[in-house]
Amino acid sequence: MSGFRRGVRLGIDVGKARVGVSRCDADGMLAVPVETVPRSETSIDRLAELVAEWEPIELVVGLPVNMRGDETLSTTDARDFAAALQARTARPVRMVDERLSTVTAHAALRSSGRSQKKSRNIVDQVAAVVLLQHAVDTEKSTGRPAGALIDPPEEPSSDA
């Protein structure tokens, strides 16, 4: 576990209709589901409340790219959402490739006997768990955090 930064993290899976949220313990032993937040004008506010509650060292937001690694409209949406989240919470935000996290979540739910229809309300949380666990495991095995930090918002200049 050399190089692993101790601290709680929140995983965020941004979708068009819902935002899945997960968290891990300070030692990164296990990522668990937290909540599914409906995607609306109040999503960032609810996530800010969860940040205040859990006090994570960083937010891990899924970066949806296609199978070739190319960016899509969903990639732009996730980046914009992550930037708004960082501006609102003042927490570091790390964008992590989320290819196949939702597919993995659906497969896990199916193997546990849940139909896709019955899983709709939790699949985003499970995808956030898959994303966050991958990020934590990557940091533990390599000593380097997964993904890339987004740039913090620029401070207004004080050239008055």
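Residues numbered from 1 in each chain as written. Predicted model: local features only at pLDDT ≥ 70, side-chain atom pairs only at ≥ 80, totals over all residues. Heavy atoms only, no water.

Side note on the pairing of strand β3 (residues 31-38)
Then, number 1: As judged from the seven bridges shared by strand β2 (residues 18-24) and β3, these two strands associate in the antiparallel manner. Bridge assignment links Arg-18 to a residue of β3, and that residue is Pro-38.
Then, number 2: Linking β2 to β3, which pair antiparallel, is a turn of six residues; within it Gly-28 sits at a positive phi near 65 degrees. (Pairing = 2+ DSSP bridges. Helix = DSSP H or I, 4+ residues; strand = E, 2+ residues; numbered from the N terminus.)

Quick look at unusual backbone geometry
Then, number 1: Phi at Glu-55 is positive, roughly 50 degrees, even though this residue is not glycine.
Then, number 2: Among the structural elements, Glu-55 can be located in the loop between α1 (43-54) and β4 (58-63).

A look at α1
Along an α-helix, residues three or four positions apart point the same way, because every turn accommodates 3.6 residues.
Then, number 1: Compared with an ideal rise of 1.5 Å per residue, which puts twelve residues at 16 Å, α1 spans 17 Å between its outermost C-alpha atoms and is within 8% of the ideal.
Then, number 2: Looking only at α1, the buried set comprises Ser-43, Ile-44, Leu-47, Ala-48, Leu-50 and Val-51. On an axial view of α1, the arc spanned by its buried residues comes to 160 degrees, and they lie on one face. Residues of α1 that are exposed and point over 90 degrees away from its buried face: Ala-52 and Glu-53.
Then, number 3: Immediately beyond the C-terminal end of α1, within one or two residues, lies Glu-55, with a positive phi of roughly 50 degrees. (Expected span 1.5 Å × (residues − 1). Buried < 20%, exposed > 50% of the residue type's maximum accessible area, 1.4 Å probe, protein only. Arc of directions from axis to C-beta.)

Looking at the sheet that holds β3
Then, number 1: With mixed pairing, the six strands of this open sheet are ordered in space as β3-β2-β1-β4-β5-β6. In this open sheet, the two strands that pair with only one neighbour each are β3 and β6 (148-149).
Then, number 2: Across four bridges, strand β1 (residues 9-14) lies against β4 in parallel orientation. Residue pairing for β4: Gly-11 is matched across the bridge by Val-60.
Then, number 3: Sitting on the sheet, α1 touches β1, β2, β3 and β4, and the angle it makes with β3 is about 150 degrees. (Contact = heavy atoms within 4.5 Å. Axes fitted to C-alpha atoms, helices over the stretch in contact; angles between N-to-C directions.)

Describing the pattern of salt bridges
Then, number 1: Per the counting criterion, the structure on display carries eleven salt bridges.
Then, number 2: Between Arg-5 and Glu-139 there is a salt bridge whose closest N-O contact spans 2.8 Å. Highlighted residues: Arg-5 in the segment before β1 and Glu-139 in helix α5 (residues 123-142), separated in sequence by 134 residues.
Then, number 3: In this structure, Glu-58 engages Arg-9 in a salt bridge whose closest nitrogen and oxygen atoms are separated by 3.6 Å. A residue pair is termed long-range when its members are at least 10 positions apart, and Glu-58 in strand β4 and Arg-9 in strand β1 qualify at 49 residues. Comparing Glu-58 with Arg-9, the two get one shared label, buried.
Then, number 4: One network of salt bridges, in which partners are shared, links Arg-5, Arg-9, Glu-58, Arg-94 and Glu-139. (Salt bridge = Lys/Arg side-chain N within 4 Å of Asp/Glu carboxyl O.)

It is worth stressing that arrangement in space is one thing and function is another; only the former is reported here.
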